[in-house]
Structures are given as structure tokens and as C-alpha cells.
Amino acid sequence: MESIYYVLTWACHRRCKHCYDTRFRPYVRDALEDVLVESDTHFERVIANLPSTMIYQDPKNLTPEGKPEERIGRIILAGGEVLIDPVRERIFYPALDALNAKYGKGGVNISIQTTGDLVTPKILDEMLERNVWMIAIAGMDDFHVGMEGDKRLPLMEKLTDMFDTAGMQPVPEASTGRDYLTEKGPFYFFFGAQPDQWIGELWPRGRAWENSLTKADMNTNFCARHSGGRNFLNHGMAGSEVAIEPDGSVFPCCLKTKVPIGNVAEEPLIDILESLKGHPVFEALNEGAPDRMGLSQGWSEEKFHQASHTELPNGTPFANLCIGCDKFHEEVMEPVIRDLTKKRRMARASQPI
Ligand code: SF4
Ligand code: SF4
């Protein structure tokens, strides 16, 4: 696949008001142990069930023979915050080691997302020793407390010094003509929920929803954007991406459908995706056209659009295709997905050992 976004932990040292999932927050004592156990009882099986290769083909970039280039896909490890104690030593580093053992050096581009404020030279060395290809510093926006406006500049300067000293490079600008996806890195990159980025309107999810912060409307098709459902089925090809939660639940998008498409702690990711190919609901999501997802189930585009209208918690009228997707999943998809899961289980059981 081109990209797998794997949320390793719900634990975070922050509780940002715009966060896309309410489960990302600080946990203490028994509650912290519960989220740690959820991660560390699943990550080995999740990684074992990821595709055997992360090589994908990119038809937009051709070899001299005119064939699609073969490229190395990315696995993005994220939280929450993977660098907090005790997530870092107990889950994050072992997960990096498991990915290295599965794919070998250069078999996958391992990217991590962190808020950056916990990175030290020692932790940076420990990540680079484990073949981290990219460190994406998320949270460079006005929603992260202490990172508003110019307040984030000292952290950015400190990290830039640390990364440069460690021999990392910033992700090159497109104007340089370099294609960093084909380079070995290691790279670093700063980003945040800025209005001009693909998450600028904020997803109608989590605390962004609870705090009525999302600015999306019916013209904001998150499904057709980066991190949306588009191309999720096309494993082996450019553009394919899925999102995985700590317990192995897998989704066609990072916004997450109301029902997961399967569980990667229980069965191989490719088996799940193959079983959904040709199904009209999932093919519509694969096209980035959620308003067509219900056509085979008696949901016209008009009905889907009507279902996409609701109110924000503060009473403001709100409409977005992801809301229609939520309602469709709640009304229709649970038994459909359960049936597909059962069929896969039976197919596996009937295979010779
Ligand atoms: S936005 Fe990031 S840093 Fe803030 S609570 Fe969510 S996961 Fe944590
Ligand atoms: S419409 Fe559904 S599948 Fe598409 S991005 Fe929104 S929640 Fe995900």
C-alpha cells in the first residue's frame, strides 16, 4: 500500500479542543494501564497482518520502459503521542522493531507523527537507530496550547537545530524538482491544522465536533482528499491508504466510518480489502464519492444529501457528506460488514492447513 496510518495509542499529553477523537487525551493510573494494554496486546498481531510488502506501483511515474514505477510505501505511527512515557518504551519502540523485522531496512518508509515538544537528542537517536524515515511535527497551529502564532517558533528552531545536527533534511519544496518519496531520508516536516491545509476546515469529529469548531460544508468532500476514503481499496497502487486503531480496527479513512471495515489484529489487511472489492458501497468510497455509496441499498443521492444535514452541538445548522456517511453506516452497514466478516472467516476456516 502507499500508506497505512496506524494510531498506536489513545494516550496523549494534551487535550486539544480541535482534536478529531475524544479518546486522545491524558490518562492516569488504571485508565492509563487500560489504554496501554489495549495497544500492547494488539500491535504484534496488527503488524503481522499488514501486507507482506509495502511496495506499490505509481502509474503517474513511469520507468524508461514505460511501466509504473515501484515505490516504497509509508507506515505512519501516530497517537495521541507516541513519545510520552511509558508509551515510547513499552509500545512505540517495540512496534518500530517489529516493523523493521517484518520489512527489513528500506522495505518500508516509517514515518512518525509527534507534537515535537517531547523530542530530545537521545530520543531522536533512538528513533533514527530504528530506521525512522520521516518525523512529522504535527501541532504547529493555533489550536495547540502554547503553539499559537509566533509562540511555536522557538520549538521549531530548537527542533530544526536538533534534526540538522542529526543529519536529517527538511522535506524538499516541490519547486526543487526533488521527489522525496523516492529518497532515503531521514526527513522532517512541520505541519498543523492550518486553514490552507487539507484538514483546514477541521473534520466533523471528536472535540472539533463537540466544540462546534468544524467549518466544513456540503462542498467539503473530505472523502476525496488526502486521508479520505478515495483509493483505499487499491492496495498495491499509488493513493491507497487505510487507518488502523490500537485494537486493530481498520477504516477506509482517517476520519473513520461509524463501523470499521474489519480488524487487522484478527485477519490480514489484504483479505479484508479484497473482500470489499466490487461491493457498490465500498467502490463508491473508493471513488471518493460518498453520496453514491447507498445507491444499491435504496439510498438515492438526494436521500444521502438530506441525511448529511444536522446541527452542531451549539445549534448551528451543519451539513457535510461525512455526516451522511455516518447515518448510512448506522442504519445500513453494520449487518453488511458483519456478514462480510463472517464470509471471510468461513473462507479461512475452509482453507487447507
Ligand atoms: S490534536 Fe494531537 S496533540 Fe492534541 S489532543 Fe489530539 S492527538 Fe493530542
Ligand atoms: S464520507 Fe465516510 S468514508 Fe468518506 S471520509 Fe467521510 S467518514 Fe470517511
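What you see is a predicted model; the values in this text were computed from it and never measured. (Residues numbered from 1 in each chain as written. Chains lettered and ligands numbered in written order. Predicted model: local features only at pLDDT ≥ 70, side-chain atom pairs only at ≥ 80, totals over all residues. Heavy atoms only, no water.)

## Digging into the overall build of the chain
Helix and strand counts for the chain come out as 10 helices and 13 strands. For 353 residues, the compact-globule estimate of 2.2 N^0.38 gives 20 Å, and the chain sits close to it at 20 Å. With the model as given, the accessible surface of the chain reaches about 16,000 Å², and the carbon-plus-sulfur share is 52%. Once the 39 positive and 52 negative side-chain charges of the chain are each reduced to a mean point, those two points are 3 Å apart. (Helix = DSSP H or I, 4+ residues; strand = E, 2+ residues; numbered from the N terminus. Rg over C-alpha atoms; globule rule 2.2 N^0.38 Å. Areas by Shrake-Rupley, 256 points an atom, 1.4 Å probe, with all protein chains shown as cover. Lys, Arg positive; Asp, Glu negative; His and termini not counted. Charge placed at Lys NZ, Arg CZ, Asp CG, Glu CD.)

## Thoughts on empty space enclosed by the protein
Tallied over the entire structure, the rule returns two cavities of 30 Å³ or more. Here the largest cavity is characterised by a volume of approximately 90 Å³. Approximately 30 Å³ is the volume found for the second largest cavity. Every residue lining the second largest cavity is listed: Arg14, Thr115, Asp117, Ala138, Gly139, Met140, His144, Met147 and Leu155. For the lining of the second largest cavity, the class distribution of residues is four nonpolar, three polar and two charged. (1 Å grid on protein atoms, 1.4 Å probe; cavity = no way out; pocket = protein on both sides within 12 Å on 5 of 7 lines; lining within 4 Å. Points joined across faces, edges and corners; volume = space filled by probe spheres on them. Nonpolar A, V, L, I, M, F, W, Y, C, P; charged D, E, K, R; others polar.)

## Thoughts on the site of ligand 1
Contacts to ligand 1 come from Cys12, Arg14, Arg15, Cys16, His18, Cys19, Phe24, Gly80, Thr115, His144 and Arg207. Per-class residue counts for the shell around ligand 1 are four nonpolar, four polar and three charged. (Near = heavy atom within 4 Å.)

## Re the nonpolar core
Leu50, Leu77, Phe92, Met127 and Phe282 are the most contacted members of the largest nonpolar core, which has 104 residues in total. With 10 residues, helix H10 (residues 321-349) is the largest single contributor of residues to this core. Leave out the neighbours within four places in its chain, and Leu50 touches Ile4, Ile75, Leu99, Lys102, Tyr103, Ile244 and Val264. Grouped together as the second largest cluster of nonpolar side chains are five residues, Tyr56, Trp133, Leu181 and Phe187 included. (Core = buried A, V, L, I, M, F, W, Y, C linked by side-chain atoms within 4.5 Å. Buried < 20%, exposed > 50% of the residue type's maximum accessible area, 1.4 Å probe, protein only. Contact = heavy atoms within 4.5 Å.)

## Quick notes on unusual backbone geometry
Here the bond from Gly79 into Gly80 is cis, since omega is 15°, no more than 30 degrees from zero. Geometrically, the link from Gly185 to Pro186 is a cis peptide bond, its omega value of 0° lying close to zero. One can find Pro186 in the loop between strand S7 (169-170) and strand S8 (187-190). You will see that Leu202, though not glycine, has its phi angle at about 70°, which is positive.

## Observations regarding the pattern of salt bridges
A full pass over the atoms with the stated rule returns 23 salt bridges. Residue Asp339 pairs with Lys343 through a salt bridge whose shortest N-O separation is 3.3 Å. Taken together, the residues span about one helical turn, with Asp339 and Lys343 both in helix H10 at a distance of four residues. When its relative accessible area of 37% is taken as the criterion, Asp339 is described as partly exposed. Put simply, Asp21, Arg23, Glu245 and Lys256 are held in one network by salt bridges that share partners. (Salt bridge = Lys/Arg side-chain N within 4 Å of Asp/Glu carboxyl O.)

## Focus: the site of ligand 2
Contacts to ligand 2 come from Arg205, Cys223, Cys253, Leu255, Lys256, Thr257, Leu285, Pro290, Cys322 and Cys325. The cavity that encloses ligand 2 is the largest cavity. For the shell around ligand 2, the per-class residue count stands at seven nonpolar, one polar and two charged. (Sits in = over half its atoms within 2 Å of the grid points.)

## Overview of the layout of surface pockets
Space inside the second largest pocket adds up to approximately 410 Å³. Taken together, 21 residues form the lining of the second largest pocket, with Gly106, Asn109, Trp133, Glu183 and Lys184 sitting closest to its centre. Within the residue set of the lining of the second largest pocket, elements represented by two or more residues are strand S3 (68-72), strand S5 (109-114) and strand S6 (132-137). Sort the elements by how many residues they give to the lining of the second largest pocket and S3 lands first, with three residues. Of the residues assigned to the lining of the second largest pocket, the class counts are eight nonpolar, eight polar and five charged.

## Looking at the environment of Leu273
Locating Leu273 in the fold gives a position in helix H7 (residues 269-276). On the basis of relative accessibility, which here comes to 0%, the residue Leu273 falls in the buried class. When the C-alpha atoms of Leu273 and Leu233 are compared, they prove to be 5.8 Å apart, with 40 residues separating the residues in sequence. Residues in contact with Leu273, not counting those within four places in the same chain, are Met1, Phe232, Leu233, His235, Val242 and Ile261.

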